[in-house]
Amino acid sequence: MNEQVNKAAGAQNRTSVERKGDRELVVTRTFNAPPSMVYRAWSQPELFQRWWVPKSAPGVSLVSCQMDVRTGGRYRLEFGAGGSDTMAFYGKYLEVVPNERIVWTNDEGEEGAITTVTFKDEGGTTLLTFHEVYPSKEALEEALQSGAAALPEQLDQLDELLSSTGE
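Residues numbered from 1 in each chain as written. Predicted model: local features only at pLDDT ≥ 70, side-chain atom pairs only at ≥ 80, totals over all residues. Heavy atoms only, no water.

Named according to an unreviewed UniProt entry, the protein chain is SRPBCC family protein originating from Ensifer adhaerens. Reading the Sequence similarities (unreviewed entry) entry of the UniProt record for the protein chain gives the comment "Belongs to the AHA1 family." (UniProt positions renumbered as here; feature names shortened; annotations may be inferred.)

Shown next as structure tokens:
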């Protein structure tokens with residue numbers, strides 16, 4: 001089963017979000033930047049912080065961003081919404097191939113996905129593929145109702161960052 005969930009059109013680059021089967025989500029987007037630049041935006045905390053939080057989430061901020069992007073490394077992202085309570089997302093990097101691939105776990109709950117992001121060189125542009133495999137159909141459904149719905153906006157923000165800073 002290959003069900004189209006969402007398609008957001010941009011001027012040149014569009015984000016395609018597809019549900020594949022009962023447990024998989026695949027998001028693709030082309031960026032007008034080489035893979036090394038796009039990879040840096042995913043692997044350097046100071047850049048990642050600038051685009052990961054959707055602007056449409058008022059008051060939400062990334063208050064802490066710890067990323068040791070290497071095979072066996074760990075990450076921890078802590079979000080705040082204006083109050084004293086925060087929410088943390090964390091896991092470990094299973095595989096990191098600079099400028100090509102990052103694979104990580106999402107360990108904050110029992111229903112965490114395995115996420116793979118690939119950076120494919122297409123002659124000066126980058127085809128980014130964000131692929132998540134969930135342990136159950138229910139976990140995928142929950143993700144589609146929450147964080148995964150923001151991916152097109154987040155990738156638009158990444159595109160803005162790459163365009164404006166040359167990063």
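J.: Summarise the pattern of salt bridges; cite the residues concerned and give the values.
T.: In total, this model carries 10 salt bridges according to the counting rule given. Arg101 is the salt-bridge partner of Glu95, the closest N and O atoms lying 3.0 Å from each other. Judged by its relative accessible area of 29%, Arg101 is partly exposed. By sharing partners, the salt bridges in this structure join Arg29, Asp156 and Asp159 into a single network. (Salt bridge = Lys/Arg side-chain N within 4 Å of Asp/Glu carboxyl O. Buried < 20%, exposed > 50% of the residue type's maximum accessible area, 1.4 Å probe, protein only.)

J.: Residues and numbers for the UniProt feature "domain: Activator of Hsp90 ATPase homologue 1/2-like C-terminal" (unreviewed entry) in the protein chain, please.
T.: As recorded in UniProt, the sites labelled "domain: Activator of Hsp90 ATPase homologue 1/2-like C-terminal" (unreviewed entry) are residues 32–162. Along residues 32–162 one finds 28% helix and 36% strand; the C-alpha atoms at either end are 8 Å apart. (Helix = DSSP H or I, 4+ residues; strand = E, 2+ residues; numbered from the N terminus.)

J.: Which residues make up helix α3 (residues 137–145), and what values do they have?
T.: Within the sequence span of α3, burial applies to Ala139, Leu140, Ala143 and Leu144. Buried residues of α3, viewed axially, fall in a sector of 135 degrees; they line one side. Seen from the buried face of α3, the exposed residues on the opposite side, beyond 90 degrees, are Glu138, Glu142 and Gln145. (Arc of directions from axis to C-beta.)

J.: Quick one: what's the story with the environment of Ala33, residue by residue and with numbers?
T.: Of note, Ala33 is situated in the loop between β3 (24–31) and α1 (35–43). Assessed through its relative accessible area of 2%, Ala33 is described here as buried. The residues touching Ala33, leaving out its near neighbours within four places in the chain, are Val38, Gly124, Thr125, Thr126 and Leu162. (Contact = heavy atoms within 4.5 Å.)

J.: Please give an account of the layout of surface pockets that cites residues and values.
T.: The space that makes up the largest pocket amounts to roughly 1100 Å³. Phe89, Asn106, Glu108, Gly147 and Ala148 are the residues nearest the centre of the largest pocket, which is lined by 39 residues in total. Going through the elements one at a time, β5 (74–80), β6 (86–97), β7 (101–105), β9 (126–133), α3 and α4 (151–165) are the ones with two or more residues in the lining of the largest pocket. Top element by residues in the lining of the largest pocket is β5. It accounts for four residues. (1 Å grid on protein atoms, 1.4 Å probe; cavity = no way out; pocket = protein on both sides within 12 Å on 5 of 7 lines; lining within 4 Å. Points joined across faces, edges and corners; volume = space filled by probe spheres on them.)

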